[in-house]
Structure formats: C-alpha cells, structure tokens
Amino acid sequence: MTRIDRPFRPRHRLRNGLASRAAAVVGTLTLTLAGCGSGGSAGPHPGPSTQRPAAKAGPVWRTHPGSLAALGDSITVGFDACTVLSDCPEVSWATGTNPKVDSLARRLVRNPAAHSWNYARTGALMSELPDQIEAAARRRPELVTILIGANDACRSDVRAMTPTKVFRADFARAMKQLRRALPHTQVYVAAVPDLLRLWSEGRKNTLGKQVWKLGICGSMLRDPDDLTWTAEQRRETVRGRVMAYNRALARVCREDALCRFDGSVFDYRFTDRQLSTWDWFHPGLHGQRELAELAFRTITRGSSRS
C-alpha cells in the first residue's frame, strides 16, 4: 500500500491557537462577570438606575407685579422732600403719585391708587419692621419693598448704633414672618445709603450744616467741619457699620428664592442735587426719582436671582 504523506503542522502553532481561543473565552467571561457584578447591562444604554430625576423648577420672579406694599423709614415716606419736618408720601420713590418722581408703583402697577400701599414710618428701626409686615400682609401684595436701616446707624453717638448681629437677627426674623404670611410675595431689599457720602456732599451747603446742628444723625454729621483724625475715625466707623448692615441684608435675602437685594443704593454717587433743601439729609424730589429708577432696574431684571 502506498503511504499518503500528510502535511506537516508544527505543534507550537496548535498550542498557540488553543491559547488564543482560551484567552478570548476568558476575556468574554470577564466582561460578562464584570457587567453582572456592577448590576448594570453590558450594552451601550444605561439602565434605569443611572438616570437622575429632573430637578424641580424654582419660583419664577415676575418683573411686573400687580400690587405693591412699601416698608421702611423716613426715606420711603418722603420726609422733608416737600415741606420742612413733614412726610410727603406723594413723592415717595416706592408709592408716590407725583409724575416728576415716576415712582415704582406708577411704573409697575396698572392701578397704583388701588393696588399700592405705604406702611413706612419716619424714624423706624429694623426692630420695628415686623409691625409693618403685619400691616402689609393684610393686603396680600405681590411685591414688598424694604428700605430700612439708616436710623440704626444714625444715632446720637457711635456707641448707640444697633450692633450688626442684632440687626441681622432682627431682619432674619422679619423675613421669616413675611414668608409665613406671604409665601409667594416677591421682596425687593434696598441697601442702606452711604452716610459718609451724604456728609461729604451735604457739608458743602452752609445752611445744611446749620440744620445738622439740631441733632440730625449725630454719629455721622456732628461737627461736619472737624477734619481731625478722631472725627474721621468716627465717620469711618459709622460707614463700616452701614456696610456691615448691607452685607447682613444681602446674606439673609440670598436665602430666599423670591428676594432681591439692591446694593446700587449704597454705591450710587449722589450729589447735593438729590438732597432735600430743607435738611440736606433726606432725598429730595430728584433723589426720590433716582431711588425709583434704581429699584425699577433691579425688579425688572430678567434673572430670577439677585
């Protein structure tokens, strides 16, 4: 019988082929086990466990509220803006009816005579804000404006100024009270104005300095021509306290989704033209108009946060 020779195949190729197939099987098992161990599918699409629920939308700021209640101190009731030692609410930056001021209520509310209210009080301190909130809550306003704090710094002496911690705690409590009574009401909070700039501008007027001697804001305005180191330090102390008040207002306001703090009221570079010609301390008609403009810009800004 004739022998038919078979082709020679080296043994190491067989071993290499078996090793390759074994490695492929081990790799497949490894991937499969890894997929099972992670609790997910080995496919390209993530399982339900990896999908996060959509975040809930927060409250939306409305740039044109239908009603407005103003809270605060003498600035908001237009004290000394029309006649000496008298409130003049018709020129209030917040709710005034005078077209020369063009108040916030006139700019925002369709019927300001029926849907805007002023509960500010001359001489009010931050500690008195809850009483104003209680009165305003009965009206259910869609917007509340707050400008208060100057009287906490304008005391007979720097030692009588409201401590910053007390000021912040009072404001935080007032905001909690407001939010309990008016959960959906928007809140505009204006910064306390720069009292040092008020001194530097008002002291240019001789009559104004004579009026200041009657006891207006002694912590800042006493001895307006005294430029000694001691007097300068006293004024800087008052300004520092006002800045601390404003930081407190901003922090508390940031904790509320429907609150906007307006620092531009402190930063505004007003001149003696914006001051009352009766006391060179409170805003006059032009000053009230500027306050209305600053507030309008902040309230009608598109972003939902301050």
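Okay, so let's go over this structure. (Residues numbered from 1 in each chain as written. Predicted model: local features only at pLDDT ≥ 70, side-chain atom pairs only at ≥ 80, totals over all residues. Heavy atoms only, no water.)

Taken in spatial order, the 5 strands of this open sheet run β2-β1-β3-β4-β5, and their pairing is parallel. The sheet terminates laterally at β2 (116–118) and β5 (259–262), the two strands that pair on one side only. Ignoring strand direction, the axes of neighbouring strands in this sheet form an average angle of 15°. Relative to β2, strand β1 (residues 68–72) runs parallel, the two being bridged by 3 bridges. (Pairing = 2+ DSSP bridges. Helix = DSSP H or I, 4+ residues; strand = E, 2+ residues; numbered from the N terminus. Axes fitted to C-alpha atoms, helices over the stretch in contact; angles between N-to-C directions.)

A separate point is a positive patch on the surface. On the surface, Arg168, Arg247, Arg251 and Arg254 cluster together to form a positively charged patch. The element best represented in the positive patch is helix α10 (residues 229–254), accounting for 3 residues. As for its placement among the helices and strands, arginine 247 is situated in helix α10. (Patch = residues over 30% accessible without salt bridge, like charges linked within 9 Å, V, L, I, M, F, W, Y side chains within 5 Å. Areas by Shrake-Rupley, 256 points an atom, 1.4 Å probe, with all protein chains shown as cover. Salt bridge = Lys/Arg side-chain N within 4 Å of Asp/Glu carboxyl O. Lys, Arg positive; Asp, Glu negative; His and termini not counted. Charge placed at Lys NZ, Arg CZ, Asp CG, Glu CD.)

Looking now at the packing of aromatic side chains. Scanning all chains against the criterion turns up 2 aromatic pairs. Between phenylalanine 167 and tyrosine 245, the aromatic rings sit 4.0 Å apart at their centres with planes inclined by 10°, giving stacked as the arrangement. Note that phenylalanine 167 is positioned in helix α6 (residues 164–181) and tyrosine 245 in helix α10, a separation of 78 residues in sequence. Taking relative accessible area as the criterion, tyrosine 245 reaches 0% and is therefore assigned buried. The lysine or arginine in question, arginine 107, covers the ring of phenylalanine 296, its NZ or CZ lying 5.6 Å from the ring centre. (Phe/Tyr/Trp six-rings, centres within 6.5 Å; stacked < 30°, edge-to-face > 60°. Buried < 20%, exposed > 50% of the residue type's maximum accessible area, 1.4 Å probe, protein only. Lys NZ or Arg CZ within 6 Å of the ring centre and 35° of its normal.)

Let us now look at helix α4 (residues 129–137). Of the residues making up α4, those classed as buried are Leu129, Gln132, Ile133, Ala135, Ala136 and Ala137. Against β1, β3 (143–147) and α6 lie the buried residues of α4. (Contact = heavy atoms within 4.5 Å.)

If you trace the backbone, asparagine 246 turns up in helix α10. Contact partners of asparagine 246, with chain neighbours within four places excluded, come to Ala191, Val192, Phe261 and Phe266.

Attention now goes to a nonpolar patch on the surface. A cluster of nonpolar residues, Val84, Leu85 and Trp278, forms a patch on the protein surface that exposes about 310 Å² of accessible area. Structurally, leucine 85 can be placed in the loop between β1 and α2 (104–108).

Right, let's get into the nonpolar core. Counting 71 residues, the largest nonpolar core has Trp93, Ile146, Phe171, Val189 and Leu221 as its most contacted members. Top element by residues in this core is α10. It accounts for 8 residues. In contact with valine 189, not counting residues within four places along its chain, are Ile146, Phe171, Leu249, Cys253, Cys259, Arg260, Phe261 and Asp262. (Core = buried A, V, L, I, M, F, W, Y, C linked by side-chain atoms within 4.5 Å.)

As a further point, take the environment of arginine 62. Within the secondary structure, arginine 62 sits in the loop between α1 (11–37) and β1. Arginine 62 sits 80 residues away from glutamate 142 along the chain, and the two C-alpha atoms are 9.1 Å apart. Here arginine 62 is in contact with Glu142, His184 and Gln186, once residues within four sequence places are set aside.

Another point: the environment of glycine 58. The residue glycine 58 is located in the loop between α1 and β1 in this model. Residue glycine 58 is classed as partly exposed on the basis of its relative accessible area, which comes to 48%. Expressed as a C-alpha distance, the spacing of glycine 58 and alanine 257, which sit 199 residues apart in the sequence, is 7.6 Å.

Quick look at the environment of alanine 136 now. Following the sequence through the fold, alanine 136 ends up in helix α4. The exposure class of alanine 136 is buried, given its relative accessible area of 2%. Here the alpha-carbon distance between alanine 136 and leucine 71, two residues 65 residues apart in the chain, equals 8.2 Å. Excluding its chain neighbours within four sequence positions, the residues that come into contact with alanine 136 are Ala69, Leu71, Tyr119 and Pro141.

As enumerated under the stated definition, the model contains 3 disulfides in all. Between cysteine 82 and cysteine 88 runs a disulfide, and the two sulfur atoms are separated by 1.8 Å. Handedness of the cysteine 82-cysteine 88 disulfide follows from its S-S torsion of about -65°: it is left-handed. For cysteine 253, the disulfide goes to cysteine 259, at an S-S distance of 2.0 Å. Its torsion about the S-S bond being -110°, the disulfide of cysteine 253 and cysteine 259 is classed as left-handed. Residues cysteine 253 and cysteine 259 agree in their burial class; the two are buried. Going through the protein chain in sequence order and numbering each bonded cysteine, the pairs you get are 1-2, 3-4, 5-6. (Disulfide = S-S within 2.5 Å.)

Across all of its chains, the model carries 15 salt bridges by this definition. Note that aspartate 102 is salt-bridged to arginine 107, the shortest N-O span being 3.6 Å. Taking relative accessible area as the criterion, arginine 107 reaches 19% and is therefore assigned buried. Between arginine 222 and aspartate 157 there is a salt bridge, with its nearest N and O atoms 4.0 Å apart.

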